[in-house]
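Okay, here's what each chain looks like letter by letter:
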Amino acid sequence: MKVGILSGGGDAPGINAVVRAIVRKGIQNYRYEIVGIKEGWRGLLENEFLPLDLKASSGILPRGGSILGTSRTNPFKNKDEPEKIMKNAKNAGIGAVVAIGGDDTLSVAYKMGEFGLKCVGVPKTIDNDLAGTDYTFGFNTAVSIATEALDRLHTTAETHQRVMILEVMGRYSGWIALEAGLAGGADVILVPEKPFDIKEVCKYIKRRQKRGRNFSIIVVAEGAKPKGGQEIVYSESVDQFGHIRLGGIGYYLGKKIEKCMEIETRVVVLGHIQRGGSPTAFDRILATQFGIGAIDLVHRKKFGRMVAIKGNRIVSVPLKDVIGKRKTVDMELYNIASVFFG
Ligand code: F6P
């Protein structure tokens, strides 16, 4: 059988490790032919493929990005495109597709399943907001990078006696902010799941000052919003899945803090640095486990499912139970982090 692999949505460190695992086990153990589908669902619409043999997938384990490229192409935006995908997959001899992606890419995989395309999903996103799995790969790397940024901000914040705000990604969930904030000893962590009160944020900063700590570190998720307010958007233009671009909450917050108290404030937007570069060991291992799990699902003909990690076990869950949901931050973990606020 010929198995196609595609990666869609924002890249996440570990995609290449998934590809390597699928190719290795698919060829070696199952004698499959493996083909890369370029740039997500776009590759199936435009017939853009990349043959993947053992040589092509060798040496890519530590490499960030995706050798397949990616896109936010949504074939359900245009009426004829799902049929076009079915036709192209048939002509290319592709019998099954492994879709590596977040909610958008996997929603398409689920819907294409209803058209007859045999799909298996792999959960990928630095945001860790996908339902059905404890972790997505890419998240651990993003948290590590954000934690290192916080360590670095600490020394300069302390020296200059400033408030330093680190704005991190995560879309509508605060996983990166929460875990990096906890690991990096943040004095305040603001997440979308818990709209904030600026007076309370200033209270924490003042409380630290009373203890002789004349600097503070705040981590804010890009989707965080003030109580009764809205998320701050960088641009109103939407992608093919209807997502706006978030960004700017760090600067909003910085100005508000400087208004409510006399302390110099600086803002750092971590941006795509947290998504680029080599995956951590954790993400390399998880991505490899997911890749092996995905090709095993194909071999067992368990289509319409996504590999997942529950506890420390690799399992699979139906795609229909995953899509259109959002895994919000663990409030118990947030409460632990909040012991260290102020
Ligand atoms: O979903 C991953 C993510 O990095 C989000 O955290 C962020 O909001 C978005 O993608 C940014 O996307 P783009 O690649 O379009 O800048």
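Residues numbered from 1 in each chain as written. Predicted model: local features only at pLDDT ≥ 70, side-chain atom pairs only at ≥ 80, totals over all residues. Heavy atoms only, no water.

Novice: I'd like to hear about the sheet that holds strand β6 (residues 163-168), residue by residue, with values.
Specialist: Across the sheet, which stays open at both edges, the four strands sit in the order β7-β8-β6-β11 with parallel pairing between neighbours. Edge positions in the sheet fall to β7 (188-190) and β11 (265-269), since each has one partner strand and no second. For this sheet, the mean inter-axis angle between neighbouring strands, taken without regard to orientation, is 15 degrees. The sheet contact formed by β6 and strand β8 (residues 216-221) spans six bridges and is parallel. Paired with M164 across the two strands is I217, which belongs to β8. Across the sheet, helix α5 (residues 139-160) touches β6, β8 and β11, and the angle it forms with β6 is around 165 degrees. Set on the sheet, helix α7 (residues 198-210) makes contact with β6, β7 and β8; between it and β8 the angle comes to about 155 degrees. (Pairing = 2+ DSSP bridges. Helix = DSSP H or I, 4+ residues; strand = E, 2+ residues; numbered from the N terminus. Axes fitted to C-alpha atoms, helices over the stretch in contact; angles between N-to-C directions. Contact = heavy atoms within 4.5 Å.)

Novice: Provide a residue-level description of the site of the ligand, including the pertinent values.
Specialist: In the vicinity of the ligand, the contacting residues are R72, I126, D127, M169, G170, R171, E222, H272 and R275. D127 is positioned with one of its side-chain polar atoms (N or O) 2.7 Å from an oxygen atom of the ligand. One nitrogen or oxygen atom from the side chain of H272 is found 2.8 Å from an oxygen atom belonging to the ligand. In isolation the ligand offers 400 Å² of accessible surface; the protein chains occlude 81% of this area. Placement of the ligand is best described as lying within the largest pocket. Along the lines of polarity and charge, the residues of the shell around the ligand split into two nonpolar, two polar and five charged. A domain-level breakdown of the shell around the ligand finds at least three residues from each of domain 1 (2-137 + 277-321) and domain 2 (142-274). (Near = heavy atom within 4 Å. Polar contact = N/O pair within 3.5 Å; in protein donor to acceptor, adjacent residues only side chain to side chain. Areas by Shrake-Rupley, 256 points an atom, 1.4 Å probe, with all protein chains shown as cover. 1 Å grid on protein atoms, 1.4 Å probe; cavity = no way out; pocket = protein on both sides within 12 Å on 5 of 7 lines; lining within 4 Å. Sits in = over half its atoms within 2 Å of the grid points. Nonpolar A, V, L, I, M, F, W, Y, C, P; charged D, E, K, R; others polar. Domains from an automatic or database assignment.)

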